[in-house]
Each structure stands twice: as structure tokens, then as C-alpha cells.
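Chain by chain, the residues run as shown.
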Amino acid sequence: MKKILLMLLMVGVLVAPACEGPEGPQGPPGFDGQDGVDGEDGADGLDIIDLVFEAEVDFTEESGYAAAFNFGEWVFEDDNFLVFREFGVTEDGRSIWRLLPQTVFLGEAGVLIYNYEFAHRVLAIFIDGAVDPATLPAEFTQDQYFRIVYMPGLFPNVEEGAKVDYSDFDAVMKMLGKTEKDIIKLNSQ
């Protein structure tokens, strides 16, 4: 008797997944978006998913050797950012981007650290370390380029099980499907 029940159970398991029913009805249409103040369609806004920004920063005593960027209401508690600093340029003119925090050893002068912090809606890039920032040459404080990649908490573009080297700016851009023309220029507060 147990063998017959076991056989029926196995047949049931093998046959049940192969059953298909009719296709269900079409779902309701999505929202078209909010109309402008006067009731007419307004200009399209930014696509907040997968944004990449670029900022040129001068670290000065007046700014507290930092730059702050306010990203507003669309950044949620679970979201985050990756920040890259332009470390140099190759012979063929391509920028070399390194993920922060980034440590620069200045010999006897000390250690300089480029770092960032993100508190809900505000991202700050700053310099720190065992060095007096007022004594740093301009090459370490002026005309510093950063790329800031918005990473939503629920990341829709990453395939299940995908391996991405988040320290590699080019790999992150490829994962996002972004190119240089998609980068948005930022000004600090």
C-alpha cells in the first residue's frame, strides 16, 4: 500500500508542474504622471535611478576642506552613493578613477585621505589625515574631480547573482548602462 501511495505521489509531483491554465486578463495601465500647475504637461524630470554626477571641488580653509551636495527629497533612507576621485590621466587621455576613501602618502609631510560621508540627502566630500591641509600643495586641494554614483537601496538593474567590482568606475558605469554623456555636472552648496 505504501508503494502505491509513493508511486501516486511521484506521478503527481511530475505531472502537476506541467499543467498550464489560460492567460490572465491584462493589468490596469500605469499612471501617466503628474500634470503641471496649470494643468498642462510639464517638462520631464530627471530619471533618479542610476544617476552619475561629476563635481569639480576646491578644498579651501573657507569651505572647511569639504564640499557638500544636497540631493533633495528623492534620496531615500536605504539609498547610498559611490564616490570616485580622478587619480590621474592615462597617456591616451582616459581618466583613472579610484573609489573613496583614498589614501595618499606624502612622505614626511604625512598622510592625506580623501573621504566622503552620506547622511540622508546630503553627501559631503572632504580631506582628512595626519597632515595640515593648509600646507598642502594646490595639486591636492584645487581642481579635484569626483564622480558620484547614486545607488538606490533597491537596485533594479543588477541581475541576480551578478558580480560587480564597485571599486572599478568603468565596471559600475557598464553595469548601469551609462556613458560619459549621461554624467550630470554638480555644484557644491
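Residues numbered from 1 in each chain as written. Predicted model: local features only at pLDDT ≥ 70, side-chain atom pairs only at ≥ 80, totals over all residues. Heavy atoms only, no water.

**Q** Would you mind going over the sheet that holds strand β6 (residues 111–119) in detail, with residue names and values included?
**A** Strand pairing in a sheet relies on backbone hydrogen bonds. The paired strands run either parallel or antiparallel. The antiparallel open sheet is built from 4 strands, whose spatial order is β2-β7-β6-β5. Of all the strands in the sheet, just β2 (66–70) and β5 (102–105) have a single pairing partner and so form its edges. Neighbouring strand axes in the sheet, compared pairwise and without regard to direction, differ in orientation by 15° on average. Bridge count for β5 against β6 is 4 bridges, and the pairing is antiparallel. Pairing of Phe105 across the sheet is with Val111, part of β6. (Pairing = 2+ DSSP bridges. Helix = DSSP H or I, 4+ residues; strand = E, 2+ residues; numbered from the N terminus. Axes fitted to C-alpha atoms, helices over the stretch in contact; angles between N-to-C directions.)

**Q** Hey, could you go over the packing of aromatic side chains for me, with residue numbers and the actual values?
**A** According to the stated counting rule, one finds 8 aromatic pairs in the structure shown. Relative to Tyr114, the ring of Phe59 lies with its centre 6.2 Å away and its plane at 50°, an arrangement referred to as tilted. Remark: Tyr114 occurs in strand β6 and Phe59 occurs in the loop between β1 (52–57) and β2; sequence separation between them is 55 residues. Comparing Phe59 with Tyr114, the two get one shared label, buried. Centre to centre, the rings of Phe81 and Tyr150 are 5.6 Å apart; their planes meet at 55°, and the pair counts as tilted. Placement of Phe81 in strand β3 (residues 80–89) and of Tyr150 in strand β8 (residues 144–151) is noted, with a sequence separation of 69 residues between them. Pair check on accessibility: Phe81 and Tyr150 agree, each one buried. A connected cluster of aromatic rings, assembled from ring pairs, spans Phe53, Phe71, Phe81, Phe118 and Tyr150. Positioned over the ring face of Tyr114 is Arg85, at 4.0 Å from the centre of the ring. (Phe/Tyr/Trp six-rings, centres within 6.5 Å; stacked < 30°, edge-to-face > 60°. Buried < 20%, exposed > 50% of the residue type's maximum accessible area, 1.4 Å probe, protein only. Lys NZ or Arg CZ within 6 Å of the ring centre and 35° of its normal.)

These values are about where atoms sit, not about what they do.
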